[in-house]
Amino acid sequence: MPIFVEKKPDKLISEDGTRIDGRKPDELRPIEIKVGVLERADGSAYVKWGGNRILVAVYGPRAAHPRHQAIPHEALVRCRYDMAPFSPSTDRKKPGPDRRSIELSTVIEEALKPVIFKEMFGGTAIDIFVEVLRSDAGTRVAGITGASVALADAGIPIRGLVTGCSVGKVGDFIVLDPGHEEDMWGDGDMPVAFFMETGEITLLQADGQYTYDEFQRALKLAYNGCKQVYELQKRAIIEKYEKLKLEGETDE
Amino acid sequence: MPIFVEKKPDKLISEDGTRIDGRKPDELRPIEIKVGVLERADGSAYVKWGGNRILVAVYGPRAAHPRHQAIPHEALVRCRYDMAPFSPSTDRKKPGPDRRSIELSTVIEEALKPVIFKEMFGGTAIDIFVEVLRSDAGTRVAGITGASVALADAGIPIRGLVTGCSVGKVGDFIVLDPGHEEDMWGDGDMPVAFFMETGEITLLQADGQYTYDEFQRALKLAYNGCKQVYELQKRAIIEKYEKLKLEGETDE
Amino acid sequence: MPIFVEKKPDKLISEDGTRIDGRKPDELRPIEIKVGVLERADGSAYVKWGGNRILVAVYGPRAAHPRHQAIPHEALVRCRYDMAPFSPSTDRKKPGPDRRSIELSTVIEEALKPVIFKEMFGGTAIDIFVEVLRSDAGTRVAGITGASVALADAGIPIRGLVTGCSVGKVGDFIVLDPGHEEDMWGDGDMPVAFFMETGEITLLQADGQYTYDEFQRALKLAYNGCKQVYELQKRAIIEKYEKLKLEGETDE
Amino acid sequence: MSKKIVELLLKDHINALVERGIRRDGRGLNDYRDIEIMSETATHGDGECWVKLGKTQVITGVKVDVGPPYPDTPDKGVFVVNVELLPLASPTFEPGPPGPESIEIARVVDRTIRSAEAIDLEKLVIKRGELVYILFVDIYVLDYDGNLFDAATLSAVGALSKTTIPVVHLDEEGNINADPNERFKLELKSKPATVTMVKIGKKLVVDPNLEEEQVADGRITFGVKEDGRICAIQKGPGSLSIEQVEEAARIALSKYEFLSAYYR
Amino acid sequence: MSKKIVELLLKDHINALVERGIRRDGRGLNDYRDIEIMSETATHGDGECWVKLGKTQVITGVKVDVGPPYPDTPDKGVFVVNVELLPLASPTFEPGPPGPESIEIARVVDRTIRSAEAIDLEKLVIKRGELVYILFVDIYVLDYDGNLFDAATLSAVGALSKTTIPVVHLDEEGNINADPNERFKLELKSKPATVTMVKIGKKLVVDPNLEEEQVADGRITFGVKEDGRICAIQKGPGSLSIEQVEEAARIALSKYEFLSAYYR
Amino acid sequence: MSKKIVELLLKDHINALVERGIRRDGRGLNDYRDIEIMSETATHGDGECWVKLGKTQVITGVKVDVGPPYPDTPDKGVFVVNVELLPLASPTFEPGPPGPESIEIARVVDRTIRSAEAIDLEKLVIKRGELVYILFVDIYVLDYDGNLFDAATLSAVGALSKTTIPVVHLDEEGNINADPNERFKLELKSKPATVTMVKIGKKLVVDPNLEEEQVADGRITFGVKEDGRICAIQKGPGSLSIEQVEEAARIALSKYEFLSAYYR
């Protein structure tokens, strides 16, 4: 039985475009990415994005299990997106996959596959685990963003990073990176991910209603957002390598 | 929560044997059989029998999966009887197998196995899918009737057709092919199937109470009903082959 | 919906240590063990212990199924502890494993493994099924006691018998073999099993609170209890062999 | 493959014997194996019955619960039959939820009891539309040496015929009260039995043991009752002629008196 | 391995044709296959629609039930979409609970209908916070020859547009009453459709059939509605440039009129 | 097979070191690895605690819900412990419902807290027999480098000791009301810890890391509390003499003060 029912705010955005959390329409929430945070995983990342806290681990290439799932001429790329029971701001979520998390696992998988050199690792599996510890809107794009960094950390050959960011519709405004209230009571959410080096789209979903013009503007805004996130991804990877180098030098 | 609870009619049959839907005790409901209605299946049939609408597909002989179920010296014949959620006249049925459909899958399987030349296809599987789209009493015998036609359509070597028909007990009458009300509020249902060429029984079940004499009469009535259904099966197959021949000629 | 809710008795033990069922603190309930009670199992035992009725069957060494569970260099020892729906004194238990029975299966397995010559049967499985038909406190130790006898009956090479017995805390008393009321409303339960020939502990669990001194006394009491149970195990096995010998002689 | 050959040889052997009216265990074609009803109190059921049919062993425990009736039968109690083929009972039974085999047995036993109108479900109502008795009939197979249908029915009807039910009262506020010492006996209006036969060659054989089941060409079960009526039929694998089915019905009806003696 | 080679050759062949604007079945790149709405009464649904999209066949039945609303939307009815990929429909579909593929289709159809605000859920309330109508939309795939998204949406929206709902009254004591002859029509405020395209080489191809799906390099689906707005997007496998995605949106919007004709 | 040989050689090596009182990571036999309680707010729990025990990482979130009590304890709140071995945490953990390993950990943590009477469940009643607080304690293993029992207990008790509960009122009509700003602190009457040891050769080793667990000959866990009492025991694989078990108890009791410092 839910103890609290969240209430819709009177206004999500003011006429001058100031959003409920004070941001401008084209402003991201604060984002922090740490690489290599887990011991056992082959690669890992921890993403703080607004109020989101997401842990990503990558295992592989490793023997595909169960065996009959293996594909002879390319790696089996599998993603498992999961929300911890204590991650929602409202009621406890029952552990285990539900229909939403099964769909999100699929779209995250498809968002990452285009950059992985799958054909180099026939018969093996590459497993990507996205664990949402705290959710606050935009977990799938934060997960994709962390996952491509974790793939790099695992040393898996990739064509480049995949970078995600949502855009949303709040009243007549197209806004970047919708927050919790905008996600719940706004007029549309459009998560997007780009393979930044070519500008190709690897994730695109939407609910809500959009004129063709709004759709075009939304795509452009998402791309601009992803450019900023991309810089943070690269910096996180460099930091890890700097640290490793430093540790290497200290060892000498 | 059920919106409607069906009510038992005052009388299911009059003294002169006129049944609630106007039929005589030994009269079938209208039956129509179409063969080869699906593209992907190896064989298929669509059966309209009273208010029943049933689709049957046959796949095989094909590789048995999972492998450990395969039998080296004969084909594994599997049946899956399923009722669609929108098939009952009352509430929605939850999707997926329940205890009733698991039992019916077994008895349909056993009703068909005796006519299949299983020993010719060791290590393979022959799968029979019976999907009830609309149910109106007698779905298992309609399913068997359609399935043996679909087996023929799939080109699977069979000794002959299996033909099903129910008989029932309504008051002191033994009636052919009970309808929905007779099935729900009657005094017994006895589904039967014959391998018509030899007259052997391959399906026989019953609930309700029968003296030995009633049992004998019921079996005889079922056999007479099946003879009529058998003619419809044969005609349906011939129609399909005539049509194929016609198309063949047109192609030339 | 439960029809009866059991009520806590006023007093579980009197000041002189007389327990609610009349026993003294160091007194076992009546125990009876029968060996070789099932036809199909490789080894079996039936244990009556107070109000408990427990059937144990052992199968193996046999091919491990599913195959991927097999261990090349030793037998896979598996235990399944199960409570029948009609075994509790209160409500019906839903059939199938619950969290408690899964844990108990694990600890029984670990209690028996140390005496089995697993390394002699690489690639095979040894299955131990403990079925509680009637439960009355102490089912896991009664199950272990029966299982090691059933292992012997199956002819599986073992280092010796494992013997189980619980001790409990009722007020300030440490008591042997707690009964149903002591188990439900007492202050602690400590099931123990020994490999009697060496005195090594193969099962040890506890709930409730114990000073170090109480813990030591509890262990000692459990050992003394097991010594008595051990005699009953040996006698049960001998009886079976005597009977076999007798039957052999009669046959001649 | 060699296993297959042994099976075929055994099948030929059994067929040849049965053709001459002989069975490997010495029984006549229409004979049951020895039946024993164990006197042991082995469950915490409100009714129980442990049956040995030859080396096959089945135990049934009945547990009485209370709860709301089904919406479409507000004036009837609820009766549920469940069969578990314990992995204890045979090397071929695996742990897990009931499979097709145990579901079929459960549904045939259920159908036999229901068609025989053995239980007056209208007497199991505490308050119409609100609270009724629920009888859980759990049939546990302990040792499997053939003919589970008949052993299960004997055990289930045996357990029901010994079942007593606590008298439950529903007070104004919807709370239930019951005195552990106040119980009533479940009266059965009929005590049906099932009779299972297999076809071996051209002959019918009653109460098949495991090896007979394995080589059989067909199986059929009849539910029968006191007044000489059939109350359920279930054909298993194989095919039978009309004449064989009629013969099977006559044999089944002739066996009721023998079997029902074990309900006393 | 040889299967793989045949696939690669077929892929090259289809790519080369598409490059020249040709499809193996003779369609133009932006053409749908023939669509047929079967007139047959084939279910016991409160609304139904059997769609043939080329050789793909999908049937939807809507069943109306009543029950309590979700705690956080006490003033709204409930609407549930379920897709089953029946093993009848393809050798690659296996029996069992819905897998990722059918869940994705169900969620995209659900999202399209919900985003289009097709159903006024506030009109499906019998008593606020206590009893509402529940619409179960069960989409059953009968024959799978490609493009399940569009066939499923056509079938689901088609079935909803024919749905009638029994008028249910809730009396003082909380019992429900309904007259089987008293029903009202479910009014749809929008009848959205989805348009699915695959990327073959560098071209977009509308309404892919099975072989086109198998060789495609990417997939995208747009939900579209009467007023020329997009109401849902779902990219599948592969990657597309911004330009391609924009082109796909324009094509999708241009197809609405054609598709919506089948809702009449 | 060669993997097996490496394991055996490693086992011999570790055994030989331990025999001399040395561990591969430099610890003494009775030493814990470094423990760190992360200060990060990483969940939406009503209480949370992220523990690093060496390289093992476990996070617990407590979520408070309300609902009816169990029928046999109408005057007590409900307390549920769940452990998930996330596939993120180890190449050997697979997705799926909790298996025997995670169920054992959950039940030992639950037993330790319950036996220590840490939570006064009678204070978690809103209305007797009708509405109580339910504490869901979800323990998520993030990185597995050995000794999950102790890390899980530290994390669970740590999270409970920081848990606050919204004040819930039940009005006359059975509706619940709560003010998001009105909360009370969950008071713990005890803060138990578990101490896990493995047997390596003839020695006991505290807080085993992964490689020590893999080569160990036995495992035992004691729940201990403030007043020097044992409040839970769980033996794992292997066998131990009475003397070893008694020694393990003494070691465990001696470690309570060290561990409980991390609850502050």
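Read on for a plain summary of the structure.

What counts, and where the lines are drawn
Residues numbered from 1 in each chain as written. Chains lettered and ligands numbered in written order. Predicted model: local features only at pLDDT ≥ 70, side-chain atom pairs only at ≥ 80, totals over all residues. Heavy atoms only, no water. Helix = DSSP H or I, 4+ residues; strand = E, 2+ residues; numbered from the N terminus. Rg over C-alpha atoms; globule rule 2.2 N^0.38 Å. Buried < 20%, exposed > 50% of the residue type's maximum accessible area, 1.4 Å probe, protein only. Contact = heavy atoms within 4.5 Å. Areas by Shrake-Rupley, 256 points an atom, 1.4 Å probe, with all protein chains shown as cover. Lys, Arg positive; Asp, Glu negative; His and termini not counted. Charge placed at Lys NZ, Arg CZ, Asp CG, Glu CD. Buried area = accessible area lost by both parts, 1.4 Å probe. Salt bridge = Lys/Arg side-chain N within 4 Å of Asp/Glu carboxyl O. Polar contact = N/O pair within 3.5 Å; in protein donor to acceptor, adjacent residues only side chain to side chain. Nonpolar A, V, L, I, M, F, W, Y, C, P; charged D, E, K, R; others polar. Pairing = 2+ DSSP bridges. Axes fitted to C-alpha atoms, helices over the stretch in contact; angles between N-to-C directions.

### Notes on the overall build of chain D
Then, in step 1: A tally of helices and strands in chain D yields 5 helices and 12 strands.
Then, in step 2: Relative to the 2.2 N^0.38 estimate, which gives 18 Å for 264 residues, the radius of gyration of chain D is 20 Å and therefore close to what a compact globule would have.
Then, in step 3: Along the first, second and third principal axes, the C-alpha set of chain D runs to 70 × 35 × 35 Å.
Then, in step 4: Scored against the burial criterion, the 264 residues of chain D give a buried share of 59%.
Then, in step 5: Here the contacts in chain D between residues at least 6 apart in sequence split such that 68% fall between residues at least 24 apart.
Then, in step 6: When the accessible surface of chain D is summed, it comes to about 10,700 Å², and 50% of that surface belongs to carbon and sulfur atoms.
Then, in step 7: Within chain D, the 43 negative side-chain charges are centred at a point lying 6 Å from the centre of the 33 positive side-chain charges.

### So, the interface of chain C and chain D
Then, in step 1: Taken together, the contact between chain C and chain D spans 35 residues of the former and 41 residues of the latter.
Then, in step 2: For the chain C and chain D pair, buried surface summed over both sides reaches about 3,200 Å², with 62% attributable to carbon and sulfur atoms.
Then, in step 3: Area buried by chain C at its contact with chain D is led by Ile3, Arg40 and Phe86 of chain C, which between them contribute 25% of it.
Then, in step 4: On inspection of chain C and its partner chain D, the count reaches 4 salt bridges.
Then, in step 5: Glutamate 40 of chain D is the salt-bridge partner of arginine 53 of chain C, the closest N and O atoms lying 3.2 Å from each other.
Then, in step 6: The interface formed by chain C and chain D contains 18 residue pairs in polar contact (both at pLDDT 80 or more).
Then, in step 7: Elements represented by at least two residues in the side of chain C that touches chain D include exactly strand S2 (43–49), strand S3 (52–63), strand S4 (76–83) and strand S5 (124–134) of chain C.
Then, in step 8: A per-element tally of the side of chain C that touches chain D places S3 of chain C first, with 6 residues.
Then, in step 9: Looking at the side of chain C that touches chain D, its residues break down into 19 nonpolar, 5 polar and 11 charged.

### Regarding the sheet that holds strand S5 (residues 124–134) of chain A
Residue and element names in this part refer to chain A.
Then, in step 1: Taken together, 5 strands build an open sheet; the order of strands is S1-S2-S3-S5-S4 and the sheet is mixed. Every other strand in the sheet has two partners, leaving strand S1 (31–35) and strand S4 (76–83) as the edge strands with one partner each. Between one strand axis and the next, the sheet turns through 15° on average, direction left out of account.
Then, in step 2: Of the strands in this sheet, S4 and S5 touch helix H1 (residues 99–112), which is tilted by about 140° from S4.
Then, in step 3: Packed on one face of the sheet, helix H2 (residues 139–153) meets S1, strand S2 (43–49), strand S3 (52–63), S4 and S5 and runs near 150° to S2.

What is shown is where atoms sit, not what they do.
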